[in-house]
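# Per-entry structural report
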Amino acid sequence: MPPIFATEPSTDLARALRPFGWQVTLAVLGPALTQAQRAEAAAIANVHVVETGLELDWLAARAEPILMAEARLAEMAGDLRADIVQLHTPALAAQGRYACPTIALLHSCVATWWSAVKDGPMPGDFAWRTALVDRGLRNATFAITPTAAFAEAARRQYGVAPVPVHNGRAMDFPRRAMRDHVFTAGRLWDEGKNIGVLDEAAARIAVPFCAAGPLSAPHGGGVTLKALQHAGVMDGAALSHHLASRPVFASAALYEPFGLAVLEAALAGCALVLSGIPTFRELWDGAATFVPPNDAPGFARAINALIEDESARAEAGRRAQQRAARYSLPALATRMADHYATLRRRAAA
């Protein structure tokens, strides 16, 4: 088959698409890949990687580099005679340059983040980014979000209804005994992660409470932890090793379009204590304990109850693991392959 052209740096999805016969050209924006990343991609038979050197949209200081990236990607897609273009952000379709059907993935955006985390009008830097996303959503053949809850947030913001397709993940975990500790992971500097609430809760919990992820934002600023123990930034192997001991996993997020860290913890069999936001309720209702996002004492009580009752904690971990099986790479690849096939039939007609 001719190649599907993709800009989302996801070797997991590309590998999972191989049984469906799709060849993937993976165009990488931003910093050069590491040797390990190149080796991982080279080992996937249906993937060809192109390191474009183009600026990442979310690091761009103005619109021009994003528009330039779209022009270059459209040219590459034409040279490849791609069946479908799949973009990791609608902003890369703001000019509508692609000759073939275009899928825009909306993983998150500054406008919906602002609505969930802040008050008042957006700053100017957010306004032009939102305008590019808005134009891209209207130019794309259709858009995909990782949850129905986030699709609704996008519909309210942009007046466009994306199609929800749940993310998928696969991980291997070493065999380790369950230990009494608590864990969270993510971009700790991001106000949407609401890490201050877990930092306050950690002071009320007797067992270690570790947080993995960057403390400093790429654009400057960051967060300082008081009671949480910072575990640094973990690679996949370190994260798997840590989750294998099945800590209680907590997230007090105010904004989370999906939450891959939660899924990774659930795959390991961790009990989940999560903020009761629509996304988490959609994915984990019946398989997690929910707490209001800003209720630090409530998080501490819920976590302490699981730490003190090992059987309840183990059962909560089993429920989370069973639910996580729904969000698999084969399930994701099947949904996406169905969309690709539909688009190709429409284009042929």
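Look a little higher up for the structure.
These numbers come from a predicted model, not from an experiment.

### Considerations on the overall build of the protein chain
The number of helices and strands found in the protein chain is 13 helices and 13 strands. Relative to its length of 349 residues, the protein chain is compact, with a C-alpha radius of gyration of 21 Å against a globular reference of 20 Å. For the protein chain, the spread of C-alpha atoms along the three principal axes comes to 60 × 45 × 35 Å. Per-residue burial over the protein chain gives 52% buried out of 349 residues.

### Comments concerning the packing of aromatic side chains
By the definition in use, this model includes eight aromatic pairs. Here Trp-113 and Phe-126 contribute two aromatic rings whose centre-to-centre distance is 6.1 Å and whose plane-to-plane angle is 70°, an arrangement assigned as edge-to-face. Within this pair, whereas Trp-113 is found in helix H4 (residues 110-117), its partner Phe-126 is found in helix H5 (residues 124-139), the two being separated by 13 residues in sequence. A relative accessible area of 14% places Trp-113 in the buried class. Ring geometry for Trp-284 against Tyr-327: centres 5.5 Å apart, planes inclined by 80°, an arrangement best described as edge-to-face. Remark: Tyr-327 occurs in the loop between helix H12 (310-324) and helix H13 (329-348) and Trp-284 occurs in helix H10 (residues 278-284); sequence separation between them is 43 residues. Among the aromatic side chains, those forming a connected cluster through ring pairs are Trp-113, Trp-114 and Phe-126.

### Notes on the nonpolar core
One recurring pattern in soluble globular proteins: nonpolar side chains tend to sit buried together. Counting 38 residues, the largest nonpolar core has Leu-29, Leu-73, Leu-92, Tyr-98 and Tyr-158 as its most contacted members. Among the elements of the structure, helix H3 (64-80), strand E4 (85-87), H4, H5 and helix H6 (148-158) are those that each provide at least two residues to this core. Setting aside chain neighbours within four positions, we find Tyr-158 in contact with Cys-109, Ala-111, Thr-130, Val-133, Asp-134, Leu-137 and Arg-138. Counting 28 residues, the second largest nonpolar core, distinct from the first, contains Leu-263, Phe-280, Leu-283 and Ala-288.

### Focus: the pattern of salt bridges
A complete count under the given rule lists 18 salt bridges for this structure. Across the pair Glu-51 and Arg-38 runs a salt bridge, and its minimum N-O distance is 2.7 Å. Pair noted here: Glu-51 is in strand E3 (residues 47-51) and Arg-38 is in helix H2 (residues 35-42), with a separation of 13 residues, a long-range link. For Glu-51, a relative accessible area of 34% translates into the label partly exposed. What emerges from the salt-bridge pattern is a single network uniting Asp-12, Arg-15, Glu-40, Arg-169 and Glu-264.

### A look at H6
Within the span of H6, buried status applies to Ala-149, Phe-150, Ala-151, Ala-153, Ala-154 and Tyr-158. Just downstream of H6, Gly-159 is the residue with a positive phi angle, here 75°.

### Considering H3
Helical geometry: 3.6 residues make up each α-helical turn, so side chains three or four residues apart lie on a common side. The end-to-end C-alpha distance of H3, which contains 17 residues, comes to 24 Å, matching closely the 24 Å that a straight helix rising 1.5 Å per residue would cover. All of the buried residues in H3 are Pro-65, Ile-66, Ala-69, Glu-70, Leu-73, Ala-74, Met-76 and Ala-77. Trailing H3 by a residue or two, Arg-81 shows a phi angle of about 55°, which is positive.

### Structural notes on the sheet that holds strand E12 (residues 272-275)
The strand order across the open sheet formed by six strands is E10-E9-E8-E11-E12-E13, and the pairing between neighbours is parallel. Each edge of the open sheet carries a strand with a single partner, namely strand E10 (229-230) and strand E13 (289-291). As paired strands, E12 and E13 are joined by three bridges and run parallel to one another. Its bridge partner lying in E13, Leu-274 is registered against Phe-290.

### Examining the side chain of Thr-112
With respect to the helices, strands and loops of the structure, Thr-112 is situated in helix H4. Relative accessible area serves as the criterion here: at 5%, Thr-112 is assigned to the buried category. Of the polar contacts made by the side chain of Thr-112, one reaches the backbone oxygen of Cys-109; its length is 3.2 Å. Polar side-chain contacts of Thr-112 include one of 2.8 Å to the side chain of Tyr-255. Apart from the residues lying within four places of it in its own chain, the contact partners of Thr-112 are Phe-150, Ala-153, Ala-154, Gln-157 and Tyr-255.

Definitions and cut-offs
- Residues numbered from 1 in each chain as written.
- Predicted model: local features only at pLDDT ≥ 70, side-chain atom pairs only at ≥ 80, totals over all residues.
- Heavy atoms only, no water.
- Helix = DSSP H or I, 4+ residues; strand = E, 2+ residues; numbered from the N terminus.
- Rg over C-alpha atoms; globule rule 2.2 N^0.38 Å.
- Buried < 20%, exposed > 50% of the residue type's maximum accessible area, 1.4 Å probe, protein only.
- Phe/Tyr/Trp six-rings, centres within 6.5 Å; stacked < 30°, edge-to-face > 60°.
- Core = buried A, V, L, I, M, F, W, Y, C linked by side-chain atoms within 4.5 Å.
- Contact = heavy atoms within 4.5 Å.
- Salt bridge = Lys/Arg side-chain N within 4 Å of Asp/Glu carboxyl O.
- Expected span 1.5 Å × (residues − 1).
- Pairing = 2+ DSSP bridges.
- Polar contact = N/O pair within 3.5 Å; in protein donor to acceptor, adjacent residues only side chain to side chain.

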